[in-house]
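Examination of the molecular architecture
The lines below spell out each chain.
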Amino acid sequence: LAKTTQPISMDSYEGQEVNITCSHNNIATNDYITWYQQFPSQGPRFIIQGYKTKVTNEVASLFIPADRKSSTLSLPRVSLSDTAVYYCLVGATTGGGADGLTFGKGTHLIIQP
Amino acid sequence: EAGVTQSPTHLIKTRGQQATLRCSPISGHTSVYWYQQALGLGLQFLLWYDEGEERNRGNFPPRFSGRQFPNYSSELNVNALELEDSALYLCASSLVPVRGFVGQPQHFGDGTRLSIL
């Protein structure tokens, strides 16, 4: 049973802001939301993590509504190098099995000039 | 700070053989995770080790096994290799998870590409 749902792919252009939304209707009280970026033939790279409201770092922002049933990764002013697969991961409790460690297929973001 | 290192980078085996993949975590990280990423698929969780013990296991047959050594490095062993085992095998490490949840960010190596002929 997949814990998260993301769009399979998205397109945008250089300089635009890109928002990728992840649905996680069964999120548990202790779950954190973590986003990763993966380039071909490389391991995923941590982007940002949050629990509620808004988190911002030097590369992205993460918006989490009050019900926490979804989250949105926001990439400001994307460039061609942001073309990658983005994964949303919702952390499970240690007693909840391996669901929280299932990345799913992610969102393939393609940035065009 | 050195990142997660995996060896070998590439590994070619034939059906029925056994493969051993190795992972060195970031210094100070005690948790090691293994994932399988087959072509066109997402990351499938295999195994999680912390402090030398297996903490959790994904939906894979018993011929996928591993261990974690006292220095927190880890091995993944795959016995009786099958064609569908061809994939990128990724290792990640993290600080010890806070008791009760798995939320620590994972830091990944660049994987071992296992090809079964």
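Our structure is the block above this text.
Attention here is on the structure that accompanies the text. This is a predicted model, so every value here is computed, not measured.

**Thoughts on the sheet that holds strand β8 (residues 74-78) of chain B**
Residue and element names in this part refer to chain B. Across the sheet, 4 strands lie side by side as β1-β3-β8-β7; this open sheet has antiparallel pairing. Sheet topology places β1 (5-7) and β7 (64-68) at the edges, where each strand pairs with a single neighbour. Averaged over all pairs of adjacent strands, the angle between strand axes in this sheet comes to 20 degrees, irrespective of strand direction. One ladder, built from 5 bridges, connects strand β3 (residues 19-24) with β8; its direction is antiparallel. Residue pairing in the sheet places L21 in a bridge with L76 of β8.

**Notes on the environment of T72 of chain A**
Residue and element names in this part refer to chain A. Inspection of the secondary structure puts T72 in strand β7 (residues 70-75). When the C-alpha atoms of T72 and S23 are compared, they prove to be 8.9 Å apart, with 49 residues separating the residues in sequence. What T72 contacts, discounting residues up to four positions off in sequence, is N19, I20, T21, S61, L62 and F63. Side chain to side chain, T72 and T21 meet in a polar contact 3.1 Å long.

**A few points about the sheet that holds strand β2 (residues 18-23) of chain A**
Residue and element names in this part refer to chain A. Sheet architecture is open: 4 strands sit in the order β2-β7-β6-β5, paired in antiparallel fashion. Looking at which strands have only one partner, the edges of the open sheet turn out to be β2 and β5 (53-56). Each strand axis lies, on average, 15 degrees off the axis of its neighbour in the sheet, ignoring direction. Of the strand pairs in this sheet, strand β6 (residues 61-64) and β7 are connected by 3 bridges, and their pairing is antiparallel. Pairing of S61 across the sheet is with S74, part of β7.

**Digging into the state of the cysteines**
Counted according to the given criterion, the structure contains 2 disulfides over all chains. Across a sulfur-sulfur distance of 2.3 Å, C22 of chain A and C88 of chain A are joined as a disulfide pair. Residues C22 of chain A and C88 of chain A are joined through a disulfide that is left-handed, its torsion about the S-S bond being -80 degrees. Separated by 66 residues along the polypeptide, C22 of chain A in strand β2 and C88 of chain A in strand β8 (residues 84-90) bring together distant segments of the chain. When its relative accessible area of 0% is taken as the criterion, C22 of chain A is described as buried. Between the sulfur atoms of C23 of chain B and its disulfide mate C91 of chain B the distance is 1.8 Å. Given an S-S torsion of about -65 degrees, the disulfide between C23 of chain B and C91 of chain B has left-handed geometry.

Calculation rules
- Residues numbered from 1 in each chain as written.
- Chains lettered and ligands numbered in written order.
- Predicted model: local features only at pLDDT ≥ 70, side-chain atom pairs only at ≥ 80, totals over all residues.
- Heavy atoms only, no water.
- Pairing = 2+ DSSP bridges.
- Helix = DSSP H or I, 4+ residues; strand = E, 2+ residues; numbered from the N terminus.
- Axes fitted to C-alpha atoms, helices over the stretch in contact; angles between N-to-C directions.
- Contact = heavy atoms within 4.5 Å.
- Polar contact = N/O pair within 3.5 Å; in protein donor to acceptor, adjacent residues only side chain to side chain.
- Disulfide = S-S within 2.5 Å.
- Buried < 20%, exposed > 50% of the residue type's maximum accessible area, 1.4 Å probe, protein only.

Geometric descriptors of this kind do not, in isolation, establish any biological role.
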